[in-house]
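Structure assessment
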Amino acid sequence: MLQVQDLVLHRSGKAVLHGVSLEIPAGQITALVGANGAGKSSTVMAIAGALPLTSGRIELSGHALHRMRPEAVRAAGVAVVPEGHKVLGDLSVRDNLRVAASALPAAEVPAALQRVLAVFPELEVKLAQPAKSLSGGQKQMVCIAQALIAAPRYLVIDELSLGLSPMIVKRLADVVQQIAAQGVGVLLIEQFTSLALAISTQACVLERGRIAFNGASGTLRERPEILHSSYLASAAQ
Ligand SMILES: Nc1ncnc2c1ncn2[C@@H]1O[C@H](COP(=O)(O)OP(=O)(O)OP(=O)(O)O)[C@@H](O)[C@H]1O
């Protein structure tokens, strides 16, 4: 279990998270949704070790992650796909994957590459191409493959579908479901809430840096007014 407890976080002196707690169980998808500026990316960056906490804890199976640097968080088994499917454009797809695999023992790299190419066989024919020549969906595949290369126990994805076509989004959603079915705990940040709620079991709604709802995704699917009122409250701030 990956646990975020009472996270308080300031950015540029302003409090942006005010005591956020959430749990990401292994083998399930947990959705984190909320209006623009609610604090979703800040939560992701805190989990990744990229932003220091003011207070609170982040624990992986009882071990504190919250004072670790991003490389140590990754080595502990928590991989993050940042927003915006950014790749190293001038490097080939193969080298993008190799860079992500650089923390692995050299002998393990070929098998790790094979494993992620089995998840995204469409990248096989693109391996020699510069990553900047890929479509947005293919770049997102590279980013997810980079996150998967060290076989993480938890995967945090900031905006899976942003800017991508419905066909690609369906493909990526299927992959995320497969990854969770193999035992990985997934935290999915997603603007397209109907997608997030369709594939997750649990959902948290962030509203202005606070958790406004934490429960079964089915409850939010059946009671969309919970989500609507949270988005309206954010718009009214
Ligand atoms: N680099 C930054 N420096 C200072 N404040 C920031 C920075 N980035 C975001 N913020 C502020 O932090 C708060 C939370 O933003 P955050 O990006 O975490 O929200 P979000 O829910 O991910 O929104 P979005 O969907 O727009 O990315 C907002 O008030 C935002 O203005």
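Please read all numbers here as calculations on a predicted model, not as lab measurements.

**A closer look at the overall build of the protein chain**
When helices and strands are tallied, the protein chain shows 9 helices and 10 strands. Projected onto its principal axes, the C-alpha coordinates of the protein chain cover approximately 50 × 40 × 35 Å. For the protein chain, buried positions account for 42% of its 237 residues. Here the contacts in the protein chain between residues at least 6 apart in sequence split such that 66% fall between residues at least 24 apart.

**Considering the pairing of strand 3 (residues 29–33)**
The buried fraction of strand 3 amounts to 5 of the 5 residues, a majority that puts the element mostly inside the structure. By the alternation rule, side chains of strand 3 split into Ile-29, Ala-31 and Val-33 and Thr-30 and Leu-32, which are all buried. Inspection of the sheet shows strand 3 paired to strand 9 (residues 202–207) by 4 bridges, in the parallel sense. Residue pairing for strand 9: Leu-32 is matched across the bridge by Cys-204.

**Remarks on the sheet that holds strand 2 (residues 14–24)**
One open sheet holds the 4 strands; their spatial order is 2-1-4-5, and the pairing between them is antiparallel. Strands at the two margins of the open sheet, each flanked by one partner only, are strand 2 and strand 5 (63–64). Two strands pair when backbone bridges link them, and strand 1 (residues 2–11) and strand 4 (residues 55–60) are joined in this way by 5 bridges, in the antiparallel orientation. Paired with Gln-3 across the bridge in strand 4 is Glu-59. Where helix 1 (residues 40–48) meets the sheet, it contacts strand 1, strand 2 and strand 4, and its direction lies at approximately 115 degrees from that of strand 1.

**Regarding the pairing of strand 10 (residues 210–216)**
Bridge analysis of strand 9 against strand 10 gives 6 bridges, and the strand direction is antiparallel. Looking across to strand 10, one finds that Glu-207 is bridged to Arg-210. In sequence, strand 9 turns back onto strand 10 through a hairpin of 2 residues, with Arg-208 there showing a positive phi of about 50 degrees.

**Structural notes on the nonpolar core**
Note on soluble globular proteins: their nonpolar side chains tend to be buried together. By size, the foremost hydrophobic cluster in this structure holds 73 residues, and its most contacted members are Ala-145, Val-176, Val-186 and Leu-188. A per-element tally of this core places helix 5 (residues 136–148) first, with 7 residues. Setting aside residues no more than four positions away along its own chain, Val-176 makes contact with Ile-29, Ile-157, Leu-160, Val-186, Leu-188 and Ile-199.

**What about the sheet that holds strand 3?**
Judged by pairing direction, the sheet is mixed, and its 6 strands sit side by side in the order 6-7-8-3-9-10 without closing on themselves. Of all strands in the sheet, those with a lone pairing partner are strand 6 (78–81) and strand 10, marking the two edges. Averaged over all adjacent pairs, the angle separating strand axes in this sheet is 15 degrees, with direction ignored. Bridge analysis of strand 7 (residues 154–158) against strand 8 (residues 185–189) gives 5 bridges, and the strand direction is parallel. The residue of strand 8 that forms the bridge with Ile-157 is Leu-188. Contacts from helix 5 reach strand 6 and strand 7 within the one sheet, and its direction differs from that of strand 6 by about 170 degrees. Where helix 9 (residues 224–235) meets the sheet, it contacts strand 9 and strand 10, and its direction lies at approximately 20 degrees from that of strand 9.

**Structural notes on the UniProt feature "domain: ABC transporter" (unreviewed entry) in the protein chain**
Taking the UniProt record as the reference, the feature "domain: ABC transporter" (unreviewed entry) is found at residues 2–233. Measuring from the first to the last C-alpha atom of residues 2–233 gives 29 Å, for a span that is 37% helix and 26% strand.

Definitions and limits used
Residues numbered from 1 in each chain as written. Predicted model: local features only at pLDDT ≥ 70, side-chain atom pairs only at ≥ 80, totals over all residues. Helix = DSSP H or I, 4+ residues; strand = E, 2+ residues; numbered from the N terminus. Buried ≥ 20, exposed ≤ 12 C-beta atoms within 10 Å, placed from the backbone. Contact = placed C-beta atoms within 7 Å. Pairing = 2+ DSSP bridges. Axes fitted to C-alpha atoms, helices over the stretch in contact; angles between N-to-C directions. Core = buried A, V, L, I, M, F, W, Y, C linked by C-beta atoms within 7 Å. UniProt positions renumbered as here; feature names shortened; annotations may be inferred.

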